[in-house]
Amino acid sequence: MELTRDRAWDTLTRHTESEALRRHALAVEASVRAYARRFGEDEELWGVVALLHDFDWEMHPTLDQHPQDGAPILREEGYPVEVIEAILSHAEHLSLPRDTPLKKALFACDELSGFVHACGLVRPDGIDTLTPKSVKKKLKQPSFAAGVHREDVYKSADELGVELDEHIVFVIDALRPIAPELGLRTAADVVAS
Ligand SMILES: [Fe+2]
Ligand SMILES: [Fe+2]
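Residues numbered from 1 in each chain as written. Chains lettered and ligands numbered in written order. Predicted model: local features only at pLDDT ≥ 70, side-chain atom pairs only at ≥ 80, totals over all residues. Heavy atoms only, no water.

A.B. asks: Any chance you could break down the coordination of the iron ion (ligand 1) for me, citing the residues and the numbers?
C.D. replies: For the iron ion (ligand 1), the full set of protein donor atoms is Asp 54 (OD), His 66 (NE2) and His 90 (NE2), and the range of their distances to it is 2.1 to 2.3 Å. Along the chain, the residues donating to the iron ion (ligand 1) fall in the pattern D-x11-H-x23-H. The distance between the iron ion (ligand 1) and the iron ion (ligand 2) comes to 4.1 Å, with Asp 54 serving as a donor to both metals. One end of the pair, His 66, is in the loop between helix H3 (43-52) and helix H4 (71-76); the other, His 90, is in the loop between helix H5 (81-88) and helix H6 (101-121), and 24 residues separate them in sequence. Residue class for His 66 comes out buried when judged on its relative accessible area of 4%. Accessibility expressed as a relative area gives 8% for His 90, which makes it buried. (Donors = N, O, S within 2.8 Å, 3.2 Å for Na, K, Ca; no water. Helix = DSSP H or I, 4+ residues; strand = E, 2+ residues; numbered from the N terminus. Buried < 20%, exposed > 50% of the residue type's maximum accessible area, 1.4 Å probe, protein only.)

Right under this line is the structure:
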């Protein structure tokens, strides 16, 4: 099969109705693609993996199913083992080695993209003026976006070999161009209101 974004988007949207889940996929995709460009890697491959990493969450919303039970579906749809292995590696409970830059980037972008997204949703100008300092402050508030595992955020940046501040800025910059698709307000909305 030809590995394209269109194909991955089709797979994702056939299995995922929820707007929040689609937005999560888009956010992680934008961040992972940005890292592919930075590392001079295959952006299309990295983007497909990111877009599909939680494609089965709607049908498998528990960790005794996700993402492992999604793998046979992807295999059936013709996705290569490289894509499937990378997707499986984002699940901490499977304890698979994250032994490629793609696996490390996916893990590092997964929780942080969600967290940055959550930070943006509670600000009048979204992520336009969001800083690492305020993201880190929110990371220290356990009740904020409580589903995001703080330990994974810290550990994954470490494994990717990037400083946390740098990683936060990188993800914010990656999400900024798709802010409207993510349902985030922008500075222009503040001016208009
Ligand atoms: Fe997941
Ligand atoms: Fe995810």
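A.B. asks: Outline the coordination of the iron ion (ligand 2), listing residues and values.
C.D. replies: Taken together, the protein donors to the iron ion (ligand 2) comprise His 24 (NE2), His 53 (NE2), Asp 54 (OD) and Asp 110 (OD), at separations of 2.1 to 2.2 Å. With 4 donor atoms in place around the iron ion (ligand 2) and angles of 86 to 176 degrees between them, the coordination shape is irregular. Taken in sequence order, the residues that donate to the iron ion (ligand 2) follow the motif H-x28-H-D-x55-D. (Tetrahedral: all angles 85-135°; square planar, octahedral: opposite > 155°, others 65-115°.)

A.B. asks: Explain the packing of H6 against helix H9 (residues 164-175) residue by residue, including any values.
C.D. replies: Interhelical geometry of H6 versus H9 gives an angle of 70 degrees and a closest axis separation of 10 Å. The angle between H6 and H9 places the two elements in the roughly perpendicular class. Note that H6 runs across H9; the crossing there is right-handed. Where H6 abuts H9, its residues Ala 108, Cys 109, Leu 112, Ser 113, Val 116 and His 117 lie against His 167, Ile 168, Val 171, Ile 172 and Leu 175. Of the residues contributing to the contact of H6 with H9, the split by class is 8 nonpolar, 3 polar and no charged. (Axes fitted to C-alpha atoms, helices over the stretch in contact; angles between N-to-C directions. Parallel < 35°, antiparallel > 145°, perpendicular 65-115°, else oblique. Left-handed = near helix turned anticlockwise from the far one by under 90°. Contact = heavy atoms within 4.5 Å. Nonpolar A, V, L, I, M, F, W, Y, C, P; charged D, E, K, R; others polar.)

A.B. asks: Account for the state of the cysteines, with residues named and values stated.
C.D. replies: Simply put, disulfide is the name for a covalent bond between the sulfur atoms of two cysteines. Within this structure, the stated rule accounts for 0 disulfides. Residue Cys 109 stays outside any disulfide, its sulfur separated by 15 Å from that of Cys 119, the closest cysteine. On the basis of relative accessible area, Cys 109 is assigned to the buried category, the value being 0%. Given a relative accessible area of 2%, Cys 119 falls into the buried group. (Disulfide = S-S within 2.5 Å.)

A.B. asks: I'd like to hear about the side chain of His 167, residue by residue, with values.
C.D. replies: Tracing the sequence through the fold places His 167 in helix H9. The residues contacting His 167, other than those within four sequence positions of it, are Tyr 35, Ala 108, Cys 109, Leu 112, Ala 157 and Val 162.

A.B. asks: Could you give an account of the side chain of Arg 33, with specific residues and numbers?
C.D. replies: Position of Arg 33 among the secondary structure elements: in helix H2 (residues 19-39). Setting aside its immediate chain neighbours within four residues, Arg 33 contacts Arg 5, Glu 43, Glu 44 and Gly 47.

A.B. asks: Tell me about H2, and please be specific about residues and values.
C.D. replies: Helix length check: H2, at 21 residues, gives a terminal C-alpha distance of 30 Å against a target of 30 Å (1.5 Å per residue), a fit within 8%. Within two residues after H2, Gly 40 carries a phi angle of roughly 65 degrees, on the positive side. (Expected span 1.5 Å × (residues − 1).)

A.B. asks: I'd love a proper account of the packing of aromatic side chains, names of residues and values included.
C.D. replies: Considering all chains together, one arrives at 4 aromatic pairs under this definition. With a centroid separation of 5.6 Å and an interplanar angle of 85 degrees, the aromatic rings of Phe 115 and Phe 144 are classed as edge-to-face. Remark: Phe 144 occurs in the loop between helix H7 (132-139) and helix H8 (150-160) and Phe 115 occurs in helix H6; sequence separation between them is 29 residues. Of the two residues, Phe 115 and Phe 144, both sit in the buried class. Within the aromatic cluster, the residues linked to one another by ring pairs are Tyr 35, Phe 39, Trp 46 and Phe 170. Positioned over the ring face of Phe 107 is Arg 98, at 3.4 Å from the centre of the ring. Over the face of the ring belonging to Phe 144 we find Lys 138, whose NZ or CZ atom lies 5.1 Å from the ring centre. (Phe/Tyr/Trp six-rings, centres within 6.5 Å; stacked < 30°, edge-to-face > 60°. Lys NZ or Arg CZ within 6 Å of the ring centre and 35° of its normal.)

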